[in-house]
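Residue-level structural notes
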Amino acid sequence: ALQYRGAVARVPSRGRRRVAAMSHRIRSALAAHRDELVAATAVYAGTFLLGFVAYVAFGARVDVAGYESSVASASAAAGVGHFTFLHILGNNAVVVGVSAAGGLALGVPTLVNTLFNGFVMGVLGGVVATAASPDVALAAVLPHVIVEVPAFLLAAAAGFKLPRALGSYLVGNTEYILDRRTVRDSAVVAVTAVALVVAAAVVEVVITPWVVDLVVS
């Protein structure tokens, strides 16, 4: 009986098997998009640096110590009381959607979107670096940005996959433009990006304000 119980205990549950299979599928899809992810990261990093240098060199210094009042002012200007989960999620979902679907237009929207968002994030980095209270500024952006940026990069990688596959087909390296596995892997990468932006929105609404309050106090 003890041996039977031990054997049963060693058998993974159905839930564990599903998680393991999902994890394997994600890792496999990411490996298949490695080159596209490197390209997206390089583009994003380059324009981030450009935006950061541009702001530090030419931008006005911004005091963001009053984070909550700044958010309240921006929200009031937008006609809402607070930045809501759906508002944040909607903005990020548009970025991810344009990048992922941009492959259907030869990756041009994906490239433009990645260039623009990298530059904007660089400007934001400049704001944080030159803020009167950089610790508060960093607390106001870092918790959710570390989740958002990987989502943007994954979406861009998915968007770059089709143009690359088309190029490989045109030069005779592949027999088909796309095969079933490539489509599946790109879908997995895009869905992973969507899951990350949902998580980022939750972090921005729930965790980021708590971190800011912690730093301010």
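Here goes a summary of the coordinates provided.

Notes on the packing of aromatic side chains
- Enumeration over the complete set of coordinates arrives at 1 aromatic pair.
- For the pair Phe 48 and Phe 52, a centre-to-centre distance of 6.5 Å together with 15 degrees between the ring planes defines the contact as stacked. In this pair, Phe 48 and Phe 52 are both assigned in helix 3 (residues 34-58), 4 residues apart and thus about one turn of the helix distant.
- Residue classification places Phe 48 among the partly exposed residues on the basis of a relative accessible area of 32%.
- Phe 52 sits in the partly exposed class, given a relative accessible area of 27%.

Remarks on the pattern of salt bridges
- Applying the stated criterion across every chain yields a total of 6 salt bridges.
- In this structure, Asp 35 and Arg 164 form a salt bridge, with 3.0 Å as the shortest nitrogen-oxygen distance. Taken together, the residues span a long stretch of sequence, with Asp 35 in helix 3 and Arg 164 in helix 7 (residues 134-170) at a distance of 129 residues.
- Residue Asp 35 is classed as partly exposed on the basis of its relative accessible area of 37%.
- Close ionic contact of Arg 181 with Asp 185 constitutes a salt bridge, the shortest N to O distance being 3.9 Å. Of the two residues, Arg 181 and Asp 185 both sit in helix 8 (residues 180-216), 4 residues apart, roughly one turn of that helix.
- Beyond isolated ion pairs, a larger network of salt bridges with shared partners links Arg 34, Asp 35, Glu 36, Lys 161 and Arg 164.

What about the packing of helix 3 against helix 6 (residues 108-130)?
- Following both chains from N to C, one finds helix 3 and helix 6 inclined at 40 degrees, their axes separated by 6 Å at the closest point. The orientation of helix 3 with respect to helix 6, classified from their angle, is oblique. In the crossing of helix 3 with helix 6, the sense of the turn from one axis to the other is right-handed.
- Classifying every residue of the contact of helix 3 with helix 6 by side-chain character gives 16 nonpolar, 9 polar and no charged.

Points about unusual backbone geometry
- Phi at Leu 106 is positive, roughly 65 degrees, even though this residue is not glycine.
- In this structure Leu 106 comes out as exposed when scored by relative accessible area, which is 57%.

Some thoughts on a nonpolar patch on the surface
- Judged by side-chain polarity, Phe 85, Leu 86, Val 194, Val 198, Val 202, Val 205, Val 206, Ile 207, Trp 210 and Leu 214 come together as a nonpolar surface patch covering roughly 890 Å² of accessible area.
- Elements with a minimum of two residues in the nonpolar patch: helix 5 (85-101) and helix 8.
- Examining the composition of the nonpolar patch, we find that 8 residues originate from one element, helix 8, more than from any other.
- When you line up the elements, Leu 86 lands in helix 5.

Remarks on the nonpolar core
- Tyr 44, Val 96, Val 149, Phe 152 and Val 197 are the most contacted members of the largest nonpolar core, which totals 33 residues.
- Listed by contribution, the elements that provide at least two residues to this core are helix 3, helix 5, helix 6, helix 7 and helix 8.
- With 15 residues, the single largest contributor to this core is helix 7.
- Sequence-distant contacts of Phe 152, defined by excluding residues within four places in its chain, comprise Tyr 44, Asn 92, Val 95, Val 96 and Val 197.

Reading the values: the criteria
- Residues numbered from 1 in each chain as written.
- Predicted model: local features only at pLDDT ≥ 70, side-chain atom pairs only at ≥ 80, totals over all residues.
- Heavy atoms only, no water.
- Phe/Tyr/Trp six-rings, centres within 6.5 Å; stacked < 30°, edge-to-face > 60°.
- Helix = DSSP H or I, 4+ residues; strand = E, 2+ residues; numbered from the N terminus.
- Buried < 20%, exposed > 50% of the residue type's maximum accessible area, 1.4 Å probe, protein only.
- Salt bridge = Lys/Arg side-chain N within 4 Å of Asp/Glu carboxyl O.
- Axes fitted to C-alpha atoms, helices over the stretch in contact; angles between N-to-C directions.
- Parallel < 35°, antiparallel > 145°, perpendicular 65-115°, else oblique.
- Left-handed = near helix turned anticlockwise from the far one by under 90°.
- Nonpolar A, V, L, I, M, F, W, Y, C, P; charged D, E, K, R; others polar.
- Patch = residues over 30% accessible without salt bridge, like charges linked within 9 Å, V, L, I, M, F, W, Y side chains within 5 Å.
- Areas by Shrake-Rupley, 256 points an atom, 1.4 Å probe, with all protein chains shown as cover.
- Core = buried A, V, L, I, M, F, W, Y, C linked by side-chain atoms within 4.5 Å.
- Contact = heavy atoms within 4.5 Å.

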